[in-house]
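Each chain, written out:
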Amino acid sequence: MLWQLFDALGIFLGFFCALIVMDSWRVLLATAIIPAIVLLFLVFMCPESPRFLIQRNKYADAYKSLLELRGTPIQAARDLYYIHTQLQTEAIKIWHPHEDKSWWSEREQIYAYQSWINRGNFFQRMMCLATNPRTRRACMVALIVMASQQLCGINVLAFYSSELLRTNQSNPSDALLTPPMAVKWYNFGM
């Protein structure tokens, strides 16, 4: 839902910028640079993914990253342990679903799990994503929701509203019925 909300917010800001700059298409095109520059500087403020760092066996860096995200050491430690055990469980279910390693020592388990976590390339992980029924169903639901949001017609209404408001649909041979400035105000109000 946030994706569609920000999509609609972007359309709203685009119509707002079109209203402000009047008919200068160069200035309107240049306004798209502003969010990109802001994002360029903000991306360096984001901490690294703790899950990615744990997969690379960098637990201290993952803990520092979680401290930035969570704020308190106890929550960061809880999440660090949770991510670690989640990766272990995934490694067992994906790479060795039928092996029982409960009799191994803790050190042997950590070494084996760490090697299993880092095992596999991108294509093997995507194949596991497609063959595991739980993740396959989640991907299908996400695909259906995203397609539904795009096909619902809101974007069509937003992008073609200028044409719908500008011309007379009953008599297309007529010239502009609504002044261009009024069309921009109608678009902004939609």
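Quick caveat: nothing in here was measured; it's all calculated off a predicted structure.

Rules used throughout
- Along every chain, residues carry numbers that run from 1 in the direction the sequence is written.
- Where local features are concerned, this predicted model is filtered to residues with pLDDT of at least 70; where side-chain atom pairs are given and counted, the filter is 80 or more; whole-chain, interface and lining totals use all residues.
- The side-chain figures draw on all heavy atoms in the structure; neither hydrogens nor water molecules are used.
- Helix numbering and strand numbering both begin at the N terminus, where a helix is a DSSP run of H or I of at least 4 residues and a strand a DSSP run of E of at least 2.
- Categorising residues by exposure relies on relative accessible area from a 1.4 Å probe, with only protein chains included: less than 20% of the type maximum marks a residue as buried, more than 50% marks it as exposed, and the intermediate range marks it as partly exposed.
- Should any heavy atoms of two residues lie within 4.5 Å, those residues are counted as being in contact.
- UniProt positions are given in the numbering used here, feature names are shortened, and annotations may be inferred rather than shown by experiment.
- Salt bridge, as used here, is a side-chain nitrogen of Lys or Arg placed within 4 Å of a carboxyl oxygen of Asp or Glu.
- Helix span is expected to be 1.5 Å times the residue number reduced by one.
- Taking the helix axis as origin, the arc is that swept by the directions to the C-beta atoms.
- Remark: nonpolar core denotes a set of buried residues (Ala, Val, Leu, Ile, Met, Phe, Trp, Tyr, Cys) joined through side-chain atoms within 4.5 Å.
- Whenever a nitrogen or oxygen atom comes within 3.5 Å of another N or O atom, the pair is scored as a polar contact, on the condition that within protein one atom can donate a hydrogen and the other can accept it, and that pairs from neighbouring residues in sequence are kept only if both atoms are in side chains.
- All axes are obtained by fitting lines to C-alpha atoms, using only the stretch in contact for helices, and the reported angles, taken between N-to-C directions, cover 0 to 180 degrees.
- Throughout, the term roughly parallel applies to angles under 35 degrees, roughly antiparallel to angles over 145, roughly perpendicular to angles from 65 to 115, and oblique to all others.

J.: What's the story with the overall build of the protein in this structure? I'm lost.
T.: Along the protein, the regular secondary structure elements total 11 helices and 0 strands. Each helix (α) and strand (β) of the protein, taken in turn from the N terminus, gives the series α-α-α-α-α-α-α-α-α-α-α. Relative to its 190 residues, the protein shows a buried fraction of 21%. A separation threshold of at least 6 residues defines the contact pool for the protein, and within that pool the share at least 24 residues apart is 47%.

J.: I would appreciate a short explanation of the UniProt feature "transmembrane region" (unreviewed entry) in the protein in the present structure.
T.: Per the UniProt record, "transmembrane region" (unreviewed entry) is annotated on residues 5-22, 28-46 and 139-160. Regarding residues 5-22, the helix share stands at 94% and the strand share at 0%, and the terminal C-alpha atoms are separated by 26 Å. The span residues 28-46 shows a helical share of 68% and a strand share of 0%, and its end C-alpha atoms are spaced 29 Å apart.

J.: Honestly, the pattern of salt bridges in this entry has me stumped. Any pointers?
T.: As a working rule, side chains carrying opposite charge can pair if their charged atoms are close by. Tallied over the entire structure, the rule returns 2 salt bridges. The partner of arginine 70 in a salt bridge is aspartate 79, and the shortest N-O contact between them spans 2.3 Å. For aspartate 79, a relative accessible area of 10% corresponds to the buried category. Ionic pairing is found between arginine 78 and aspartate 79, a salt bridge with its closest N-O pair at 3.0 Å. A single network of salt bridges, built from pairs that share partners, joins Arg70, Arg78 and Asp79.

J.: Please explain helix α5 (residues 59-70) as it appears in this structure.
T.: Spacing of three or four residues puts side chains on the same side of an α-helix, whose turn is 3.6 residues. End to end, α5 covers 16 Å across 12 residues, agreeing with the expected 16 Å (1.5 Å per residue, within 8%). Residues Ala62, Ser65 and Leu66 constitute the buried set of α5. Viewed along the axis of α5, the buried residues span an arc of 100 degrees, placing them on a single side of the element. Away from the buried face of α5 by more than 90 degrees, exposed residues Ala60, Lys64 and Glu68 are located. Note on α5: the residue one or two positions beyond its end, glycine 71, has a positive phi of about 95 degrees.

J.: What should I look at first to understand unusual backbone geometry in this one?
T.: Trans peptide bonds make up the majority, and among non-glycine residues the majority have a negative phi. At asparagine 57, a position not held by glycine, the phi torsion is positive, near 65 degrees. Tracing the sequence through the fold places asparagine 57 in the loop between α4 (50-55) and α5. For asparagine 57, a relative accessible area of 45% corresponds to the partly exposed category.

J.: Would you take a moment to explain the nonpolar core for this structure?
T.: Core analysis: the largest hydrophobic core is formed by 8 residues, namely Leu53, Ile54, Ala62, Leu66, Ala76, Leu80, Ile83 and Leu87. Every element with two or more residues in this core is listed here: α4, α5 and α6 (73-95). Take this core: its biggest share by element is 4 residues, from α6.

J.: What am I meant to see in the side chain of aspartate 79 here?
T.: In this fold, aspartate 79 is placed in helix α6. Polar side-chain contacts of aspartate 79 include one of 2.3 Å to the side chain of arginine 70.

J.: Help me understand the packing of helix α8 (residues 122-131) against helix α9 (residues 133-151) in this model?
T.: Two quantities define a packed helix pair, namely the angle between the axes and the distance from one axis to the other. It is at 5 Å that the axes of α8 and α9 come closest, and there the two elements cross at 85 degrees. With respect to α9, the axis of α8 lies roughly perpendicular. Two secondary-structure elements touch here, α8 through Cys128, Leu129, Ala130 and Thr131 and α9 through Pro133, Thr135, Arg136 and Cys139.

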